[in-house]
Amino acid sequence: MEKTWRWFGKKDKITLAMLKQIGVEGIVTALHDVPNGEVWTREMIRDLREYIEGFGMRWSVVESLPVCESIKYGGPDRDVLIENYKESLRNLSAEGIHTICYNFMPVLDWARTDLEHPNPNGTTNLYFSYSEFAYFDIYIAGREGAREEWASFKVPGLDVKRDILAEVEELRAKMTPEMEHKLVENIIVRTQGFVSGNIREDDEHPIELFRQLLSLYDGITKEQLRENMRYFLEAIMPVCEECGMNMCVHPDDPPFPVLGLPRIVTSAEDINWFLSAVDNPHNGLTFCAGSLSAGAQNDVVEMARRYASRTHFVHLRSCHIFENGDFTEASHLGGRADIIELVRIFEKENPGLPMRVDHGMTMFDDASKGYNAGYSFLGRMFAMGQVQGILATVDRELGIEYKQTGFYE
Ligand code: DNO
């Protein structure tokens, strides 16, 4: 596997010089300053590529080349936006970048309710609570039909009984304006802007914006969203073939429908669908072990075996699901994902894939640095050390030479 790291560009507080010291070989990044839907020019791509190469690393993966909402819901300007997308792909290929991570999640890129949930060891992690999410949906977003949907809620993939509406009322009794504000920040602001999502930290009315975004999907069913994904993929595949671009969709995080919106990359059934709907090796998967392991329906190891050959990029992270279905991020050596086995499978079946550790604990002075949610330095570095150990061990087992980047050989 190629050891990569998600870096947010020249303004990232974590510098490439720091990454060099911890064995990073490849960078995962995007042109974060270009508004979604605009063409990435060759000059802009070259500038960033050369900057990265100046540190002895390569730009391995684009995460993400954003797919605009209009392409997802099938708006009138989608063909223009798809043409722009194709142009960006051509320009990236001309600059030698061939792996493109994107997602097809409506409105919200990824969702968590708590970004500083304490771990027993004193560090903190990201956390998803169904009742807090339902509170946001019913009492803050005020979505029509939300209460009825939550009344018949079943925890995805688990056989547990949960009266979410009663839990929401309990929460309501102790909710303060500060707590409400924090929920909004966590669910639709702090997790979104920095990944080129729809809502940014400086948006003055995030809730109104969010409601408008939701309304774009009125009447869009799962089947329709699938058709729109097929339309997009079919349109870009000729360029991908011509330029050798590997598209890899990121699974939905969390991998189940939220806020009445359809989700179409949540399970083996979904992955089978999009891989066969456009059956082309350039149409592949970002194997995000974290997102997949947050769904109790998913057997992550089995999925890795099944999809290794169509995987172009790997995110290593693991989730712990509590008995009531809430989930948090686990250690990279624990949780549901079984990262040791995943590394073994990918090194055997598709060696050399770019891999980044995903999300890390917030530890020591990470919290005071203002890093993007989930993207701490020390916590991710700790995970990167663990994963490098796994990789070196697995490579030894398989007779693959492990590169101890940055040292005398
Ligand atoms: C969150 C990330 C996602 C991911 C996008 C890919 O931590 O995994 O934001 O980058 O969904 O398009």
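Now for a description of the structure that goes with this document. Everything numeric in this text was worked out from a predicted model, so none of it was measured.

Another aspect to go through is the site of the ligand. For the ligand, the set of nearby residues contains 14 residues, the closest of which are Glu63, Ser64, Asp109, His359 and Tyr375. One of the side-chain N or O atoms of Arg6 is found 3.2 Å from an oxygen atom in the ligand. Interatomic distance of 3.2 Å between a side-chain N/O atom of His250 and an oxygen atom of the ligand. With 3 residues, the single largest contributor to the shell around the ligand is strand 4 (residues 99–103). The residue makeup of the shell around the ligand, split by class, is 6 nonpolar, 4 polar and 4 charged.

Turning our attention to the pairing of strand 4. Most of strand 4 sits out of view: 5 of its 5 residues are buried. Every second residue of strand 4 is oriented toward a common face, with Thr99, Cys101 and Asn103 on one face and Ile100 and Tyr102 on the other, all of them buried. Both strand 3 (residues 58–63) and strand 4 contribute to a ladder of 2 bridges, which runs parallel. Within the sheet, the bridge partner assigned to Glu63 lies in strand 4 and is Cys101.

We now examine the packing of helix 11 (residues 268–277) against helix 13 (residues 300–307). Look at helix 11 against helix 13: their axes get within 11 Å of each other, and the N-to-C directions meet at 15 degrees. Judged by the angle between their axes, helix 11 and helix 13 are roughly parallel. Here helix 11 runs over helix 13; the crossing is right-handed. Contacts between helix 11 and helix 13 involve Ala268, Ile271, Asn272 and Leu275 from the first element and Met303, Arg306 and Tyr307 from the second. The residue inventory of the contact of helix 11 with helix 13, partitioned by class, reads 5 nonpolar, 1 polar and 1 charged.

What follows concerns helix 4 (residues 78–94). Between its first and last C-alpha, helix 4 extends 24 Å over 17 residues, near the 24 Å set by a 1.5 Å rise per residue. Considering only its buried residues, helix 4 is in contact with helix 2 (42–53), strand 3, helix 3 (69–73), strand 4, helix 10 (222–243) and strand 7 (246–250). At the C-terminal side of helix 4, Gly96 shows a positive phi close to 85 degrees.

As a further point, take the nonpolar core. Side chains that are nonpolar tend, in soluble globular proteins, to be buried together. Counting residues in hydrophobic clusters, the biggest one holds 123 residues, and the most contacted among them are Leu19 and Phe136. If one sorts the elements of this core by residue count, helix 10 sits on top with 9 residues. Beyond its immediate sequence surroundings of up to four residues, Leu19 is in contact with Trp5, Trp7, Ile14, Val24, Ile27, Met57 and Phe377. Core analysis: the next-biggest nonpolar cluster, separate from the first, contains 8 residues, Phe8, Trp110, Leu126 and Phe194 among them.

This paragraph deals with the packing of aromatic side chains. Scanning all chains against the criterion turns up 23 aromatic pairs. Their ring planes at 85 degrees and their centres at 5.3 Å tell us that Phe128 and Tyr130 sit as a pair that is edge-to-face. Of the two residues examined, Phe128 and Tyr130, each falls in the buried class. A ring pair is formed by Phe287 and Phe346, whose centres lie 5.2 Å apart and whose planes are at 65 degrees; its orientation type is edge-to-face. Of this pair, Phe287 sits in strand 8 (residues 283–288) while Phe346 sits in helix 14 (residues 339–349), and the two are 59 residues apart along the sequence. Phe287 gets classed as buried once you look at its relative accessible area, which sits at 0%. Across from the ring centre of Tyr51, 4.9 Å away, lies the NZ or CZ of Lys10, which sits over that ring. Cation over ring: Arg78 sits above Tyr231, and NZ or CZ is 3.6 Å from the ring centre.

Rules of the game
Residues numbered from 1 in each chain as written. Predicted model: local features only at pLDDT ≥ 70, side-chain atom pairs only at ≥ 80, totals over all residues. Heavy atoms only, no water. Near = heavy atom within 4 Å. Polar contact = N/O pair within 3.5 Å; in protein donor to acceptor, adjacent residues only side chain to side chain. Helix = DSSP H or I, 4+ residues; strand = E, 2+ residues; numbered from the N terminus. Nonpolar A, V, L, I, M, F, W, Y, C, P; charged D, E, K, R; others polar. Buried < 20%, exposed > 50% of the residue type's maximum accessible area, 1.4 Å probe, protein only. Pairing = 2+ DSSP bridges. Axes fitted to C-alpha atoms, helices over the stretch in contact; angles between N-to-C directions. Parallel < 35°, antiparallel > 145°, perpendicular 65-115°, else oblique. Left-handed = near helix turned anticlockwise from the far one by under 90°. Contact = heavy atoms within 4.5 Å. Expected span 1.5 Å × (residues − 1). Core = buried A, V, L, I, M, F, W, Y, C linked by side-chain atoms within 4.5 Å. Phe/Tyr/Trp six-rings, centres within 6.5 Å; stacked < 30°, edge-to-face > 60°. Lys NZ or Arg CZ within 6 Å of the ring centre and 35° of its normal.

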